[in-house]
Each structure stands twice: as C-alpha cells, then as structure tokens.
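Chain by chain, the residues:
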Amino acid sequence: MRRAALVFSFGLTLAIMLSGPAFAQGWAEYVNVDARFGINFPGEPVRSEDTYQMNSGAVFPTEVFTASDAAGTYSVTIVDYEGASDELRDTLLDDALEVYGNRGGEVTYEGFAVYDGMDSMMMQISNDVPSRSFLAITIVPRPSGNNKLYIVEGRVGLEQPVPGHFQQSLFIVDENGDRIRYNIDIEGSKFRVVPGTGGQPLLTPQCAIGLPCVPGRT
C-alpha cells in the first residue's frame with residue numbers, strides 16, 4: 001500500500017481532469033447549501049439518511065447523496081458529528097480510513113491531502129466485488145461552525161477510468177452558498193480567506209463595530 005501527501009490546486013488539476021470524455025456525458029455541478037457542499041455529479045443525486053459508526057462505537061447521523069452512470073456509482077456521505085468532543089473530532093479522519101479499510105477489499109493507496117486548505121485523506125480500494133473505489137475524506141476546520149465530515153466515493157468497474165474529476169470537485173460552502181477556503185498563518189493556525197484575493201483573511205463581523213478584526217482560527 002502506497003502513502004503520499006498531496007496539495008490540490010483545483011484550477012489546473014480540475015481543468016485537465018474535466019477535459020476527458022467521461023466528464024462530457026451529462027456531468028454538472030451540484031450545490032446543496034443546506035448540506036454545505038458542492039460537487040460534480042452525473043445527474044441529480046438521490047438523497048438518503050443513514051448512520052455512521054466509528055471504531056470507538058460512537059454513532060452519528062448521515063446524509064448520503066448518490067448518482068450513477070454507465071461507468072459507476074458516485075456518493076457523498078456527510079457525517080454530522082455535532083456534539084462530539086474535540087478529542088473525538090481529532091480522530092475522525094484516521095478513524096474513517098480504518099472504517100472503510102475494514103469493510104472488505106484491498107486498500108491499495110492512502111495519502112494525506114489538502115482541499116481548499118482543509119485536511120483530507122485519499123484512499124483507493126480494490127473491492128471484493130470486481131470494482132475499484134476512490135475516496136476523499138475531508139473535515140472542515142473548527143472556525144467554520146460546520147461540524148461535518150465529508151466522504152466522497154467513486155466506485156467504478158475495473159476497466160473504467162479513475163473518477164478523479166469526481167473526487168477533486170468537492171467544495172464546501174457556508175450558509176450563504178459562498179465557497180469556503182482556508183490558509184495557514186505562520187503559527188500553523190488556519191483562517192478563512194476571501195476568494196480571489198490570493199489569501200486575504202476574511203475578517204470577523206466585529207470589525208464593523210470597532211472590536212478586534214481577527215479572523216477565526218483553529
């Protein structure tokens with residue numbers, strides 16, 4: 001099993017991935033503000049509800065959005081861990097790798113990645129039923145108030161192209177539908193940035209009333 005660390009720059013990477021024929025066949029951007037995410041799906045996804053159990057035994061409710069095409073099935077599972085302790089939250093990414101790694105099949109790749117400044121884990125599995133799964137598991141920094149873990153999975157046949165355009169198209173939005181991006185300061189803390197500014201901090205609302213203008217940090 002291979003491990004690596006990746007930082008995704010969506011502009012170039014996604015432009016390359018979306019240029020192939022697999023994306024041309026009905027794929028479009030889907031945004032759900034209530035669930036605080038957007039992604040490219042091959043058609044309108046079906047929403048369902050389920051639960052997610054950690055290895056520790058903790059159980060959280062989930063929303064699952066699923067769509068399919070001739071090549072495979074694509075899903076976004078959103079784990080709502082509202083009320084979990086900070087200690088439990090800090091284990092969510094690694095725990096998800098174990099949960100999915102233990103469900104069957106052979107894990108062929110694991111690696112750390114960063115999506116819009118958010119910590120993520122990448123995973124590839126050769127499933128027992130002849131197919132391959134490609135996963136991206138992303139957690140949003142604490143200052144966002146978004147207490148959700150996003151698990152993106154593209155499951156395709158053995159002869160189908162890697163669904164990288166699906167994995168890498170995930171983005172997180174706030175309550176207004178604006179895309180959320182983070183950067184890291186010199187102390188290693190994360191703060192939200194204003195889109196299109198090259199990293200300018202998004203300042204907190206108290207700036208308008210003369211209080212300290214400090215962006216939220218983890």
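This text gives an overview of the structure that appears in the document.

This part takes up the overall build of the protein chain. Scanning the protein chain from terminus to terminus reveals 5 helices and 13 strands. The proportion of buried residues among the 218 residues of the protein chain is 44%. Sequence-distant contacts in the protein chain: of pairs separated by 6 or more residues, those separated by 24 or more amount to 52%. For the protein chain, the accessible surface area stands at approximately 11,000 Å², while carbon and sulfur atoms represent 51% of it.

Not every positive phi belongs to a glycine, and Arg36 is a case in point at roughly 65°. With relative accessibility at 24%, the residue Arg36 sits in the partly exposed group. The phi dihedral of Asp116 falls on the positive side, at around 50°, and the residue is not glycine. Overall, Asp116 belongs to the buried group, its relative accessible area being 11%.

Here we come to the environment of Tyr74. Here Tyr74 is to be found in strand S6 (residues 72-80). With relative accessibility at 2%, the residue Tyr74 sits in the buried group. Sequence spacing of Tyr74 and Glu153 is 79 residues, and the spatial spacing of their C-alpha atoms is 5.8 Å. At a separation of 3.0 Å, a polar atom in the side chain of Tyr74 contacts the side chain of Asp69.

Strand pairing in a sheet relies on backbone hydrogen bonds. The paired strands run either parallel or antiparallel. Pairing is antiparallel in the open sheet, where 3 strands are placed in the order S2-S3-S11. The strands lining the two open edges of the sheet, one partner per strand, are strand S2 (28-32) and strand S11 (171-172). As judged from the 5 bridges shared by S2 and strand S3 (residues 37-41), these two strands associate in the antiparallel manner. Paired with Val31 across the two strands is Gly38, which belongs to S3.

Using the criterion set out here, one finds 9 salt bridges in the structure. Between Glu153 and Arg103 there is a salt bridge, with the nearest N and O atoms lying 2.4 Å from each other. Linking Glu153 in strand S10 (residues 148-156) with Arg103 in the loop between helix H4 (92-101) and strand S7 (106-115), this pair joins segments that are 50 residues apart in sequence. Classification of Arg103 as partly exposed rests on a relative accessible area of 37%. Measuring nitrogen to oxygen at the nearest pair gives 2.9 Å for the salt bridge that ties Asp116 to Arg179. With Asp116 in the loop between S7 and strand S8 (118-126) and Arg179 in the loop between S11 and strand S12 (182-184), the pair connects residues that are 63 residues apart, well separated along the chain. Among the ionic contacts, a cluster of salt bridges with common partners joins Arg47, Glu49 and Glu63.

Before going further, it helps to examine the pairing of strand S4 (residues 46-53). Taken together, the 8 bridges between S4 and strand S5 (residues 59-68) define a ladder with antiparallel strand orientation. Considered in S5, the bridge of Gln53 is made with Val59.

Let us look at the environment of Val64. In this structure, Val64 sits in strand S5. Expressed as a C-alpha distance, the spacing of Val64 and Thr77, which sit 13 residues apart in the sequence, is 4.4 Å. Residues in contact with Val64, not counting those within four places in the same chain, are Val46, Arg47, Ser48, Ser75, Val76 and Thr77.

Ranked by size, the top nonpolar core spans 27 residues in total, and within it Phe37, Ile39, Phe41, Val76, Tyr150, Phe166 and Ile172 carry the most contacts. Those elements that place two or more of their residues in this core are S3, S5, S6, S7, S8, strand S9 (132-139) and S10. Apart from residues lying up to four places away in sequence, Val76 is in contact with Phe37, Ile39, Phe41, Glu63, Val64, Phe65, Tyr150, Ile151, Val152 and Phe166. The next biggest cluster of nonpolar side chains, apart from the first, holds 19 residues, and it includes Met54, Leu93, Met121 and Leu149.

In this section: the packing of aromatic side chains. Evaluation of the coordinates by the stated rule reveals 9 aromatic pairs. With 5.9 Å between their ring centres and 55° between their planes, Tyr30 and Phe37 make a pair best called tilted. A single burial state applies to Tyr30 and to Phe37, both of which are buried. Among the aromatic residues, those joined into a ring-pair cluster are Trp27, Tyr30, Phe37, Phe41, Phe65, Tyr74, Tyr150 and Phe166.

Quick notes on the rules
Note on numbering: residues in each chain are counted from 1, in written sequence order. Totals for whole chains, interfaces and linings use all residues, but because this is a predicted model, local features are given only for residues with pLDDT of at least 70 and pairs of side-chain atoms are given and counted only at 80 or more. The basis for the side-chain values is all heavy atoms of the structure; hydrogens and waters are excluded. Under the scheme used here, helices are H or I runs from DSSP no shorter than 4 residues and strands are E runs no shorter than 2 residues, and both carry numbers assigned from the N terminus. When a residue's accessible area, from a 1.4 Å probe over protein chains only, is under 20% of the maximum for its type it is buried; when over 50% it is exposed; and in between it is partly exposed. Contact criterion: two residues are considered in contact whenever any of their non-hydrogen atoms come within 4.5 Å of each other. All accessible-area figures derive from a Shrake-Rupley calculation using a 1.4 Å probe, and residue coverage is judged against the displayed protein chains alone. Nitrogen and oxygen atoms within 3.5 Å of one another constitute a polar contact, given that in protein one can donate a hydrogen and the other can accept it, and given that sequence-neighbouring residues count only through two side-chain atoms. Strand pairing requires that DSSP identify at least two bridges connecting the strands. Salt bridge, as used here: a side-chain nitrogen of Lys or Arg that lies within 4 Å of a carboxyl oxygen of Asp or Glu. Only buried residues count toward a nonpolar core. Its members are Ala, Val, Leu, Ile, Met, Phe, Trp, Tyr and Cys residues joined through side-chain atoms within 4.5 Å. We call Phe, Tyr and Trp rings a pair once their centres come within 6.5 Å, taking the six-membered ring for Trp, and we label the pair stacked below 30 degrees between planes, edge-to-face above 60, and tilted otherwise.

By themselves, these observations are geometric and do not establish any function.
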